[in-house]
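Understanding the architecture of this molecule
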Amino acid sequence: MKTQIIKKLKAISRPKKYPDDTDYTSISLEDIPRLATSFKVDSRKIEIIALEEGMVPERYARNMKTFSPEDQASLLKSQVSIVGLGGLGGTVCEILARTGIGTLNLIDGDRFEASNLNRQFLSTRETMGKYKTEAAVKRIKEINASITVRRHDEYLDDKNSDALIRRSDVIVDCLDNIKTRFILENASKKSGSPLVSAAVAGLSGHITTIFPEDPGLKLIYGPPDDLKSKGAEASLGCLPSAVSVLAAVETAEVVKIILNRGSLLRNKLLIIDLLDNITEILDLLP
Amino acid sequence: MIVHVTLKLFATLSRFTPDSADRYPIAPGTTVKHLLEKLGVPEDDVRLIFINGIKGNLTSTLTDGDRLGIFPPVGGG
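Quick caveat: nothing in here was measured; it's all calculated off a predicted structure.

**Brief notes about the sheet that holds strand 1 (residues 14-17) of chain A**
Residues and elements named next belong to chain A.
- Judged by pairing direction, the sheet is mixed, and its three strands sit side by side in the order 1-2-3 without closing on themselves. Single-partner strands in this sheet number two, and they are strand 1 and strand 3 (56-57).
- Taken together, the two bridges between strand 2 (residues 23-27) and strand 3 define a ladder with parallel strand orientation. Of the residues in strand 3, the one forming a bridge with S26 is V56.

**Thoughts on the side chain of S60 of chain B**
All names here are of chain B.
- Turning to its location among the elements, S60 is positioned in the loop between strand 4 (54-55) and strand 5 (67-71).
- Separated by 2.9 Å, the side chain of S60 and the backbone nitrogen of N57 make a polar contact.
- Every residue in contact with S60, bar those within four places of it in the chain, is listed here: T30, T31, V32 and I51.

**Focus on the pattern of salt bridges**
- Within this structure, the stated rule accounts for 22 salt bridges over all chains.
- With its nearest N and O atoms 2.8 Å apart, the salt bridge here joins R151 of chain A to D153 of chain A.
- Residue class for R151 of chain A comes out partly exposed when judged on its relative accessible area of 37%.
- One salt bridge connects E43 of chain B with K33 of chain B, and the closest N-O pair in it is separated by 2.9 Å.

**What about the packing of aromatic side chains?**
- According to the stated counting rule, one finds four aromatic pairs over all chains in the structure shown.
- Ring geometry for Y18 of chain A versus Y24 of chain A: centroids 4.0 Å apart, planes at 15°, classification stacked.
- Given the relative accessible area of 6%, Y24 of chain A is considered buried.
- Aromatic rings pair up to connect F10, F50 and F71 of chain B into one cluster.
- Looking at R59 of chain A, its charged tip hangs above the ring of Y60 of chain A, at a distance of 5.9 Å from the centre.
- Lying across the ring of Y131 of chain A, R111 of chain A places its NZ or CZ 4.1 Å from the centre.

**Some thoughts on the packing of helix 3 (residues 43-52) of chain A against helix 4 (residues 69-76) of chain A**
Residues and elements named next belong to chain A.
- Between helix 3 and helix 4, the shortest axis-to-axis distance is 8 Å and the interhelical angle comes to 155°. With respect to helix 4, the axis of helix 3 lies roughly antiparallel. As for how helix 3 packs across helix 4, the hand of that crossing is left-handed. Within the contact between the two elements, helix 3 uses R44, E47, I48, L51 and E52 and helix 4 uses P69, Q72, A73 and L76.

**Focus on the nonpolar core**
Residue and element names in this part refer to chain A.
- Residues V80, I82, L104 and L106 are the most contacted members of the largest nonpolar core, which totals 53 residues.
- In terms of residue count, the dominant contributor to this core is helix 11 (residues 240-259) (ten residues).
- Split by domain, the residues of this core number at least three in each of domain 1 (2-73) and domain 2 (80-283).
- Dropping the residues within four chain positions of it, L104 is found in contact with V80, I82, C93, L96, A97, I140, I147, T148, V149 and R150.

**Structural notes on helix 2 (residues 31-39) of chain A**
Residue and element names in this part refer to chain A.
- Every buried residue belonging to helix 2 is among D31, I32, L35, A36 and F39, and all of these are buried. Down the axis of helix 2, the smallest arc covering the buried residues is 135°, so these residues share one side. Summarising the geometry of helix 2, the exposed residues directed more than 90 degrees from the buried face are R34, T37 and S38.
- Those residues of helix 2 that are buried lie in contact with helix 1 (2-12), strand 1, strand 2, helix 3 and strand 3.
- In the segment just after helix 2, K40 is the residue with positive phi, at about 55°.

**Quick word on unusual backbone geometry**
Residue and element names in this part refer to chain A.
- With a phi angle near 80°, D21 is a residue other than glycine that sits in the positive phi range.
- With respect to the helices and strands, D21 occurs in the loop between strand 1 and strand 2.
- With phi around 50°, N260 is a residue other than glycine that occupies positive phi space.
- Of note, N260 is situated in the loop between helix 11 and strand 10 (268-273).

**What about the pairing of strand 11 (residues 278-283) of chain A?**
All names here are of chain A.
- Examined bridge by bridge, strand 10 and strand 11 share six bridges and lie antiparallel to one another. In the strand pairing of strand 11, I272 is matched with T279.
- Turn length for the strand 10-strand 11 hairpin, with the two strands adjacent in sequence and antiparallel, is four residues, and the turn residue N277 shows positive phi of about 55°.

About the thresholds
- Residues numbered from 1 in each chain as written.
- Chains lettered and ligands numbered in written order.
- Predicted model: local features only at pLDDT ≥ 70, side-chain atom pairs only at ≥ 80, totals over all residues.
- Heavy atoms only, no water.
- Pairing = 2+ DSSP bridges.
- Helix = DSSP H or I, 4+ residues; strand = E, 2+ residues; numbered from the N terminus.
- Polar contact = N/O pair within 3.5 Å; in protein donor to acceptor, adjacent residues only side chain to side chain.
- Contact = heavy atoms within 4.5 Å.
- Salt bridge = Lys/Arg side-chain N within 4 Å of Asp/Glu carboxyl O.
- Buried < 20%, exposed > 50% of the residue type's maximum accessible area, 1.4 Å probe, protein only.
- Phe/Tyr/Trp six-rings, centres within 6.5 Å; stacked < 30°, edge-to-face > 60°.
- Lys NZ or Arg CZ within 6 Å of the ring centre and 35° of its normal.
- Axes fitted to C-alpha atoms, helices over the stretch in contact; angles between N-to-C directions.
- Parallel < 35°, antiparallel > 145°, perpendicular 65-115°, else oblique.
- Left-handed = near helix turned anticlockwise from the far one by under 90°.
- Core = buried A, V, L, I, M, F, W, Y, C linked by side-chain atoms within 4.5 Å.
- Domains from an automatic or database assignment.
- Arc of directions from axis to C-beta.

That's the geometry; what it means functionally is another story.
What follows is the structure, given as structure tokens:
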């Protein structure tokens with residue numbers, strides 16, 4: 001069947017030019033689901049086959065050259081868990097859906113309330129009182145129907161964490177409290193998957209990437225036993241500018257991990273302070 | 001003799017920032033702990049200490065021209 005799909009893709013493809021005037025072969029947005037229906041396969045599979053044959057689904061055209069078609073296919077074959085669907089998580093969903101991560105595994109037991117509206121892009125007047133996961137699934141599907149979404153309407157804890165995050169290529173910590181971050185880190189290490197972790201208070205925040213063998217969060221927060229669950233955000237809140245910047249950096253780390261490219265924030269902490277326009281990368285190891 | 005350090009207190013700690021944070025005078029041999037006591041920063045609120053971009057601790061000694069940054073625990077999202 002793959003041969004037939006390739007033949008059909010080639011027949012419907014169109015030559016186009018990138019803004020720099022170089023050529024590519026495009027598959028239109030509408031043709032992807034049409035082919036998926038006629039061959040009775042997922043639209044994601046159609047996109048992967050197209051990319052592996054060097055054809056570019058038009059929705060990914062502006063990812064190209066930074067990514068190769070093979071890179072884009074790798075992203076579509078990947079699974080990323082997003083834990084927490086508030087300010088960080090909502091923005092991470094939006095960006096990873098547009099980037100074209102093939103499977104998004106969403107974990108949050110919370111429902112939207114009015115105080116979320118300042119920063120949580122999935123919260124609207126319409127979604128008040130609804131599960132954050134429900135709004136996330138709807139938004140992701142509106143953006144990119146090729147993405148498989150797994151929805152878990154439950155809070156991560158030390159009993160369910162292993163099952164909730166298994167088979168993730170990368171896990172993104174978008175939680176809103178320090179205690180659960182340590183539970184997630186522990187589960188990530190057990191699962192053997194890298195964790196990207198960001199946290200925000202007011203106009204400040206920081207982000208790091210933790211592979212299973214790395215010391216991780218204790219370098220930032222000290223021993224977990226000494227900690228209150230909430231940090232400075234309890235008195236400063238979380239501002240949408242800081243939340244969005246940190247979420248965007250998280251997604252860049254996710255993509256670099258999957259494609260094994262660029263520099264990661266392993267054993268490093270990128271701190272961002274939008275009050276005084278400070279960005280700095282700290283070495284967490286002495 | 002007096003030496004100078006640059007101070008940046010993040011998030012909730014910013015209220016302890018002295019006027020002369022860009023060129024704050026200290027006695028040579030001053031530790032981070034001494035400096036925070038002088039500024040009235042509660043030690044419990046200090047989570048992450050970095051000096052010239054490298055993680056330090058309360059007993060780190062400050063020298064002329066050091067850039068000291070202090071973060072409270074931050075966990076929101």
